[in-house]
Amino acid sequence: MKVKGVKGGDMPKYKIADVVFETNHIFEYTEKLCLDYLYMGKSAPSFCLSITLDDVEKEKQVYFDESLPDCAYEFSCLFRKLNEQLLENHLATVFHGSAVEVDGKGYIFTAPSGTGKSTHARLWRELLGDKLNYINDDKPILKEEDGKLYLYGSAWTGKHNLGSNIKVPLYAICKLNRGKVNKIKKADEKVIIEAMLNQTFKPTTPKQAINLMGLIDKVVKSVKLFELDCDISIEAAKLSFDTMSNGEENED
Amino acid sequence: MKIKDGFVLREVGSNYLVIAVGKNAKDFNAMITLNEVGAFLFNKLTNEITFEGLVDALLGEYEVDRATAEKDVKAFIEKLQKGNLFD
């Protein structure tokens with residue numbers, strides 16, 4: 001079968017979250033979006049993300065309410081497979097949230113889709129200008145290395161296409177709620193645990209489950225945890241940035 | 001009784017967390033948190049064990065009277081039944 005937009009040539013290697021892998025993806029679209037992560041070095045790939053047209057069809061069942069071109073389904077399927085490999089063998093997980101870097105510190109806002117993670121990150125950008133770098137506005141990777149947590153960029157940069165191929169130590173995590181009054185407090189660990197379980201892929205093996213819970217354990221024990229109620233205003237961004245960057249909490 | 005395969009327990013923060021993998025994950029969205037005693041009982045229940053066996057195990061590990069142990073085990077089993085964790 002001839003498929004439109006199919007790439008040719010050898011299997012390319014990519015490096016994401018400091019893990020080298022290869023893919024046998026079908027569509028050129030994937031290649032374009034992964035360009036920043038193309039790896040030309042000599043390290044052997046840790047794994048191959050193998051994908052078939054059958055996988056693409058299955059992916060459509062997962063997102064049955066959307067109608068996208070096949071290449072978009074391939075891209076999301078690859079992401080799911082990448083997550084499984086990272087979680088199984090590399091103490092890393094994809095994490096749905098908006099992640100930014102300021103003064104060498106990594107911050108991530110997490111919440112269900114539509115709450116306003118990207119909007120709040122954009123307000124930080126307005127507040128801080130070039131001091132802020134986007135790690136990834138939608139799906140950064142959280143990884144533990146030598147007992148420390150890092151946020152990495154990924155090729156899956158969300159609808160605003162904001163992100164870069166960088167690695168930043170995770171400093172603070174913030175669960176975001178939409179509110180009428182701007183208010184930030186130290187988050188209860190259960191709030192963060194639940195948010196992280198909801199904003200990561202469900203593990204498919206016991207080992208992935210153990211590693212995911214290990215990452216969450218590391219987060220609640222070693223990172224500053226916040227919960228923010230906010231509207232869409234620069235004041236909200238000022239409140240959250242001032243509080244989170246100091247690591248202080250305004251407790252009620 | 002025995003807990004179904006595919007439920008995984010680990011210490012997370014100041015408690016223990018149970019999450020589901022594989023086919024169980026589809027109809028198990030609630031997160032179950034357990035304290036240390038709950039985690040102890042959960043681990044016993046990953047192998048086939050009777051109600052009496054659980055009570056005896058609890059009495060062997062913790063300083064607690066039989067009546068309290070029976071009450072705690074009963075409550076714990078009901079919690080897991082609610083979450084549909086048993087075969």
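See the structure printed just above.
Residues numbered from 1 in each chain as written. Chains lettered and ligands numbered in written order. Predicted model: local features only at pLDDT ≥ 70, side-chain atom pairs only at ≥ 80, totals over all residues. Heavy atoms only, no water.

## As for the side chain of A:S233
Residue and element names in this part refer to chain A. Note on placement: S233 falls in the loop between β12 (224-230) and α7 (234-246). In this structure the side chain of S233 is engaged in a polar contact, spanning 2.7 Å, whose partner is the side chain of D231. Apart from residues lying up to four places away in sequence, S233 is in contact with L123 and N182. (Helix = DSSP H or I, 4+ residues; strand = E, 2+ residues; numbered from the N terminus. Polar contact = N/O pair within 3.5 Å; in protein donor to acceptor, adjacent residues only side chain to side chain. Contact = heavy atoms within 4.5 Å.)

## Here we look at the environment of A:L68
Residues and elements named next belong to chain A. Within the element layout of this structure, L68 appears in the loop between α2 (53-62) and α3 (70-89). Using a relative accessible area of 39% as the deciding quantity, one classes L68 as partly exposed. Separated by 36 residues in the primary sequence, L68 and K32 have C-alpha atoms spaced 17 Å apart. (Buried < 20%, exposed > 50% of the residue type's maximum accessible area, 1.4 Å probe, protein only.)

## A short note on the nonpolar core
With 30 residues, the main nonpolar core has A:L142, A:L170, A:I173, A:I192, A:M196 and A:V219 as its most contacted residues. The set of elements that each furnish at least two residues to this core consists of β9 (148-152), β10 (167-178), α5 (189-198) and α6 (206-222) of chain A together with β1 (7-12) and β2 (15-20) of chain B. No other element matches the seven residues that α6(A) contributes to this core. Ignoring anything within four residues of it in the chain, the contact list for A:V219 reads A:L142, A:L149, A:L170, A:I173, A:I192, A:M196 and A:L225. Counting residues in hydrophobic clusters, the runner-up holds 25 residues, among them B:F40, B:I49, B:L54 and B:A57. (Core = buried A, V, L, I, M, F, W, Y, C linked by side-chain atoms within 4.5 Å.)

## A short note on the environment of A:I16
All names here are of chain A. Relative to the assigned elements, I16 resides in strand β1 (residues 13-16). Along the chain, I16 and S222 lie 206 residues apart, while their C-alpha atoms are 24 Å from each other. Once residues lying within four places of it in the same chain are set aside, the contact partners of I16 are F21, Y37, L82, I141, G153, S154, A155 and W156.

## Remarks on the sheet that holds β2(B)
Across the sheet, which stays open at both edges, the three strands sit in the order β1-β2-β3 (chain B) with antiparallel pairing between neighbours. Only two strands of the sheet have a single neighbouring strand rather than two, namely β1 and β3 (32-34) of chain B. Across the sheet, the mean angle from the axis of one strand to that of its neighbour is 30°, orientation sign disregarded. Direction of pairing for β1(B) relative to β2(B): antiparallel, over a ladder of six bridges. Along β2(B), the bridge assignment pairs B:V8 with B:I19. Against the sheet, α5(A) makes contact with β1, β2 and β3 of chain B, and its axis sits at roughly 15° relative to β2(B), the strand it touches most. (Pairing = 2+ DSSP bridges. Axes fitted to C-alpha atoms, helices over the stretch in contact; angles between N-to-C directions.)

By themselves, these observations are geometric and do not establish any function.
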